[in-house]
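Coordinate analysis (summary)
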Amino acid sequence: MNQTPKYDDKFSLMLIGDENVGKTSIINRYVNDTFSDERRQTLGVDNFTQTKKMKKKKILIKIWDTVGQEKYAMITKSHYKIAHGIFLLCSVDSKDSFKSLPKWLQGVKDNCDLSRVKLMLIISKCDIEERQLTKEQIINFSNKNSLEYIEVSAKENINIDEMFDKMIKDVYEMNYNREKGFDLEEGAFSSGMKKGCC
């Protein structure tokens, strides 16, 4: 006998980008409200789940944490096709991670139907004072590629809930073609979200 699902629908979100940009730390902060300075390498692909209520619908959110190493690129790309939303990450303390963004973005374009996938640029570790990226670089890249961007910090818990709530809200609207302006009943998205870190 089939059991009735405990949710009305499900969305898949992915975090992609180079090694050490903080993908796992961001997810742990969002799902478990924890942070550790200890680095733990993701092997292949991990996934985490969270639920959100939107109006009368309960949505299961599956969040995919991907490895940044080139040798796992095919594993990561194989998951692009199931994603409803993709976070493209670089960190303020790594010029190389910023230079890799076009490669990651092209991988998404090659493997996704962009008419049904929401993309968002995430600038991580915004609490670090000695930045290797300028605001101008970030703005130019986001404008050139028509990407909304948010600066976040898992360590200081800056804009973590906001980035996920905004993504989930956009994915929900894209899939249900609803009028804008509704609230999330859990972790409501605030229109006052900061794009910058401080």
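Residue numbers restart at each chain and count upward from 1, following the sequence in its written direction. Confidence filtering applies because this is a predicted model: local features only for residues at pLDDT of at least 70, side-chain atom pairs given and counted only at 80 or more, and all residues used for totals across whole chains, interfaces and linings. The basis for every side-chain value is the complete set of heavy atoms in the structure, and neither hydrogens nor water enter the calculation.

Description of the pairing of strand E6 (residues 148–151)
When a strand is regular, its side chains alternate between the sheet's two faces. To keep it simple, the criterion reads: Two strands are counted as paired when DSSP detects at least two bridges linking them. Here a strand is any run of E in DSSP of at least two residues, a helix any run of H or I of at least four, and the numbering for each starts at the N terminus. For a crossover, the right-handed case is the one in which the path from the first strand over the helix to the second runs clockwise, viewed with the strands pointing away from the viewer.
Pairing of strand E5 (residues 118–124) with E6, which is carried by four bridges, proceeds in the parallel orientation. Each residue of the ladder has a partner; that of Ile122, found in E6, is Ile150. In this region the chain leaves E5, passes through helix H5 (residues 135–144) and returns to the parallel neighbour E6; the handedness of that crossover is right-handed.

Details of the pattern of salt bridges
To be explicit about the condition: Within this document, salt bridges are pairs made up of a side-chain nitrogen of Lys or Arg and a carboxyl oxygen of Asp or Glu, the two lying within 4 Å of each other. Only protein chains enter the accessibility calculation, which uses a 1.4 Å probe; a residue whose area is less than 20% of its type maximum is buried, one above 50% is exposed, and one in between is partly exposed.
Applying the stated rule across the entire model yields 10 salt bridges. Residue Glu148 is joined to Lys118 by a salt bridge in which the shortest nitrogen-to-oxygen separation is 4.0 Å. Residue Glu148 is found in strand E6, and its partner Lys118 is found in strand E5; the two are separated by 30 residues along the sequence. Lys118 sits in the buried class, given a relative accessible area of 18%. A salt bridge links Arg131 to Glu151, with the nearest nitrogen and oxygen atoms 3.1 Å apart. Pair noted here: Arg131 is in the loop between E5 and H5 and Glu151 is in strand E6, with a separation of 20 residues, a long-range link. Overall, Arg131 belongs to the partly exposed group, its relative accessible area being 29%.

Some details on the environment of Gly107
Counting through the fold element by element, Gly107 comes out in helix H4 (residues 101–111). By relative accessible area, Gly107 is classed as buried at 8%. Along the sequence, Gly107 and Tyr80 sit 27 residues apart, while their C-alpha atoms lie 8.7 Å from each other.

Section: the packing of aromatic side chains
The condition is simple: Ring geometry is summarised as follows: Phe, Tyr and Trp rings, the Trp one being its six-membered ring, pair when their centres sit within 6.5 Å, and such pairs are stacked at plane angles under 30 degrees, edge-to-face over 60 and tilted between the two.
Counted by the stated rule, this structure contains three aromatic pairs. Aromatic pair Tyr30 and Phe164: ring centres 4.0 Å apart, planes at 15 degrees, arrangement stacked. Linking Tyr30 in helix H1 (residues 23–32) with Phe164 in helix H6 (residues 160–176), this pair joins segments that are 134 residues apart in sequence. Judged by its relative accessible area of 7%, Tyr30 is buried. Judged by relative accessible area, Phe164 falls into the buried class, the value being 0%. Their ring planes at 65 degrees and their centres at 5.8 Å tell us that Phe98 and Phe141 sit as a pair that is edge-to-face. Of this pair, Phe98 sits in helix H3 (residues 95–99) while Phe141 sits in helix H5; the two residues are 43 residues apart in sequence, bridging distant segments of the chain. Here Phe98 and Phe141 have matching classes, each one buried. Members of the aromatic cluster, joined through ring pairs, are Tyr30, Phe87 and Phe164.

Side note on H6
Note the threshold: One less than the number of residues in a helix, times 1.5 Å, gives the span that helix is expected to have.
With 17 residues, H6 ought to run about 24 Å at 1.5 Å a step, and its terminal C-alpha atoms sit 24 Å apart, in line with that. Burial analysis of H6 places 12 of its 17 residues in the buried class, which makes it a mostly covered element. Every buried residue of H6 is accounted for by Ile160, Met163, Phe164, Asp165, Lys166, Met167, Ile168, Lys169, Asp170, Val171, Tyr172 and Glu173.

Let's talk about the environment of Lys95
Going by this rule: By definition, residues are in contact when any of their heavy atoms lie within 4.5 Å.
The residue Lys95 is located in helix H3 in this model. For Lys95 and Arg131, which are 36 residues apart along the polypeptide, the C-alpha to C-alpha distance reads 9.1 Å. With residues near it in sequence (within four places) discarded, Lys95 still touches Gln132 and Leu133.

Let's talk about the packing of H1 against H6
Put simply, the test is: Fitting a line to C-alpha atoms yields each axis, with helices limited to the stretch in contact; the angle taken between N-to-C directions then spans 0 to 180 degrees. Angles below 35 degrees are treated as roughly parallel, those above 145 as roughly antiparallel, those between 65 and 115 as roughly perpendicular, and all remaining angles as oblique.
At their nearest, the axes of H1 and H6 sit 9 Å apart, and the two run at 85 degrees to each other. By the angle between their axes, H1 is roughly perpendicular relative to H6. When H1 is examined against H6, the residues Ile26, Arg29 and Tyr30 are found in contact with a partner set consisting of Ile160, Asp161, Met163, Phe164, Asp165 and Ile168.

A look at H5
Heads up, the rule is: Picture the helix axis, draw a direction to every C-beta atom, and the arc is the one those directions span.
Restricting attention to buried positions, one finds in H5 the residues Ile138, Phe141 and Ser142. Viewed end-on, H5 has its buried residues packed into an arc of 95 degrees, placing them on one side of the element. Facing away from the buried side of H5 by over 90 degrees, the exposed positions are Glu136, Asn143 and Lys144. On its buried face, H5 sits against strand E4 (85–91), H3, H4, E5 and E6.

Distances and angles like these do not, on their own, reveal function.
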